[in-house]
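Single-letter residue listing:
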Amino acid sequence: MNRKVFRRVSAWKILLWACLGMLIGLALAQLALTVSELRHIDASSMQALQRAEDAARATGDALRRAEASPFQHCSDDDLAVLRNIAYANSYVADLGRIDQGMVRCTALWGQLAEPFVLPEPLYQAGRGFKIWLGQAIVHTHAPSNVVGLQRSLALTAPTTFDLNRFYQDVSLRITNADGTHVLVEREGMRYNPDGAIGLLPGIDVTHCNADLALCAQASARLHWYPVLYPRGLIALLAGSFVAGALACLLHLRSRRHQGVLDRLRHGIANDEIVLLYQPIVCINDLSLKGYEALARWRPADEPEIGPDIFVPLAVQNRLCTALAKVVLARALREMQELLLANPDLILAINTEVADIEDANFIRFALDLTANQAALRRQLHLEVTERADIRSDAFTHNIELLRRAGFAIWIDDFGTGSANLSHLSYARFDGIKIDRLFTSALSTGSPLRSVVPNLLRLAGELDLQVVIEGIETDEQLQLIRGIAPDIHAQGWLFSKALELDEVLQQRPPEAANELGLAA
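All of the points below concern the structure found in this document. (Residues numbered from 1 in each chain as written. Predicted model: local features only at pLDDT ≥ 70, side-chain atom pairs only at ≥ 80, totals over all residues. Heavy atoms only, no water.)

Regarding the pairing of strand E11 (residues 214-221)
Logical step 1: Of all eight residues making up E11, six are buried, and the element is well covered by its neighbours.
Logical step 2: For strand E8 (residues 171-176) and E11, the ladder comprises six bridges, and the chain directions are antiparallel. The partner of Arg173 across the bridge, within E11, is Gln217.
Logical step 3: The pairing of strand E10 (residues 202-209) with E11 spans eight bridges and is classified as antiparallel. Within E11, the residue paired with Ile203 across the bridge is Ala220. (Buried < 20%, exposed > 50% of the residue type's maximum accessible area, 1.4 Å probe, protein only. Helix = DSSP H or I, 4+ residues; strand = E, 2+ residues; numbered from the N terminus. Pairing = 2+ DSSP bridges.)

Encoded structure:
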């Protein structure tokens, strides 16, 4: 798929994900609103039931205390007892006495001139309690619910079931246990407000107390988020659109990363890693001393991918050792004949700290060169330090390789993790000075003084030196004046060469073939 098609497809994917994000955002917002309203309705039912329970217990307690009065019913002393009970109970408006189905007296009105004949109770609630609804005992009383126990009765206060103190957008109903009798009910003031439309169902939530034979039912219709919160809808859709687009971008990036990683695994396994060879020369006479093998990834039918992309990817995903094995094997396969014909020629191979610490890589390197052990002294393994080298495995394996004949170098010395302390921690054969310091030689950079000091230190520690990045004659002359016996590489001498270009050279005349002159 070419880039133009890929970008067009990606744009459609991003748009699709963004639209999907809006739908998911709206669905989640509606879900959150629905859950909130269900909790709201449930809480209303629970609160109403709690109110009914408190009223029932208080009324029952008042009636039991009234029945316990030691005085003759409707006597002055008895009425005084009833008044004290009624005044102390906020759920009871009045207490009275029943005799032969008639109300003879009440705490507030005393002896009734005309006893009030009670009809048959609407139902019996258990434990001897009888219930009448909407009874006016005397003409000044508003119709009230009446609860009777033996020869006592209680008129509930108007505020006993004051359901208006609860959520106003929920309809509430207090009933007996089986729901056949409604004690009190209140329609929601916003029972079907704007936003509660027919697409969403009405919800009824009922909680009961079996011991008191009471139930509280809360009812409301669910709301539709876009109608209830039109302004919030705009912000929600905009945010969900952006979130969906970002999610798609992250997904595409992850897939692209995974795709490159899978392709890299395939490339390592299928000989897509090729090598170029950068000449290494002597600073003094510019004679050819060897080559550095530089890995390049050339996928089939695709442009070449540079090491600045695939090497970090290999390191991050634990493919660096597999990559190092491929590079080492290919370098020996391609350069073995040349190295055998020129015993003084060196071949530098880049490795990672993780490669040296890996016992499998050590065995691979030793087995690969087992039949040509003499070649080991011509192989320089350059350790690129992306991590701390101070581990027992690293130190042990370096010594193992050095005893076998390999030379171990520190690559890019002076940058990153490569520093002077490592020279005292492990034994190395040489250092390669990074091009950062080379470029500073012909400028006024503070780093200009670093190179002479590094070269002096290397001489004192008996370390070989290769300096990278020689690109101008001025840099060459400066290095030659400081340390004429070291080796160097850079575009001034030659670009990285294909294998056939290397094989066309014939050392020691190779320096002249490269166009170099002392």
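Things to note about the sheet that holds strand E13 (residues 288-297)
Logical step 1: Pairing is mixed in the closed barrel, where eight strands are placed in the order E12-E13-E14-E15-E16-E17-E18-E19.
Logical step 2: Bridge count between strand E14 (residues 346-352) and strand E15 (residues 379-384): six bridges; the pairing is parallel. When the bridges of E15 are listed, Ala348 appears paired with His380.
Logical step 3: Sheet contacts for helix H6 (residues 320-341): strand E12 (273-282), E13, E14 and E15; angle to E12, the most-contacted strand, approximately 60 degrees. (Contact = heavy atoms within 4.5 Å. Axes fitted to C-alpha atoms, helices over the stretch in contact; angles between N-to-C directions.)

Comments concerning the packing of aromatic side chains
Logical step 1: Evaluated as defined, the whole model comprises three aromatic pairs.
Logical step 2: With a centroid separation of 6.5 Å and an interplanar angle of 80 degrees, the aromatic rings of Tyr277 and Tyr291 are classed as edge-to-face. Of the two residues, Tyr277 sits in strand E12 while Tyr291 sits in strand E13, which places them 14 residues apart along the sequence.
Logical step 3: For Tyr277, a relative accessible area of 0% corresponds to the buried category. (Phe/Tyr/Trp six-rings, centres within 6.5 Å; stacked < 30°, edge-to-face > 60°.)

A look at the sheet that holds strand E4 (residues 123-126)
Backbone hydrogen bonds hold the strands of a sheet together, and the pairing may be parallel or antiparallel.
Logical step 1: Overall, antiparallel pairing links the seven strands, which are arranged E3-E2-E1-E7-E6-E5-E4 in an open sheet. What marks the edges here is a single partner per strand, and that holds for strand E3 (110-117) and E4. Sheet twist, expressed as the mean angle between neighbouring strand axes with direction ignored, is 30 degrees.
Logical step 2: Pairing analysis gives three bridges linking E4 to strand E5 (residues 129-135), with the strands arranged antiparallel. Residue pairing in the sheet places Tyr123 in a bridge with Ile131 of E5.
Logical step 3: Where helix H2 (residues 76-87) meets the sheet, it contacts strand E1 (92-99), strand E2 (102-106) and E3, and its direction lies at approximately 150 degrees from that of E1.

Here we look at the pattern of salt bridges
Pairing is possible between side chains of opposite charge, provided their charged atoms come close.
Logical step 1: Going through the model one piece at a time under the given rule, you end up with 15 salt bridges.
Logical step 2: The partner of Arg330 in a salt bridge is Asp271, and the shortest N-O contact between them spans 3.1 Å. Residue Arg330 is located in helix H6, and its partner Asp271 is located in the loop between helix H4 (230-269) and E12; the two are separated by 59 residues in the primary sequence.
Logical step 3: Looking at Asp271, the relative accessible area reads 45%, which means it is partly exposed.
Logical step 4: Residue Arg435 is joined to Glu471 by a salt bridge in which the shortest nitrogen-to-oxygen separation is 3.9 Å. One end of the pair, Arg435, is in helix H11 (residues 435-440); the other, Glu471, is in the loop between strand E18 (464-467) and helix H13 (473-482), with 36 residues separating them in the sequence.
Logical step 5: What makes Glu471 partly exposed here is its relative accessible area of 48%. (Salt bridge = Lys/Arg side-chain N within 4 Å of Asp/Glu carboxyl O.)

Here we look at the nonpolar core
Logical step 1: Of all hydrophobic cores here, the largest spans 74 residues; its most connected members are Ile273, Tyr277, Tyr291, Phe310, Leu347, Phe428 and Ile431.
Logical step 2: Residue contributions to this core peak at 10 residues, all from H6.
Logical step 3: With near-sequence residues (within four places) excluded, Ile431 lies in contact with Trp409, Ile410, Phe413, Leu423, Ala458, Leu463, Gln464, Val465 and Val466.
Logical step 4: The next biggest cluster of nonpolar side chains, apart from the first, holds 34 residues, and it includes Leu49, Cys74, Val170 and Leu222. (Core = buried A, V, L, I, M, F, W, Y, C linked by side-chain atoms within 4.5 Å.)

A closer look at the packing of H6 against helix H8 (residues 359-368)
Logical step 1: Interaxial distance between H6 and H8 falls to 10 Å at its minimum, and their mutual angle equals 10 degrees. Taken as axis vectors, H6 and H8 run roughly parallel relative to one another. Residues Thr321, Ala324, Lys325, Leu328, Ala329 and Leu332 of H6 pack against Asn360, Phe361, Phe364, Ala365 and Leu368 of H8.
Logical step 2: The residue makeup of the contact of H6 with H8, split by class, is eight nonpolar, two polar and one charged. (Parallel < 35°, antiparallel > 145°, perpendicular 65-115°, else oblique. Nonpolar A, V, L, I, M, F, W, Y, C, P; charged D, E, K, R; others polar.)

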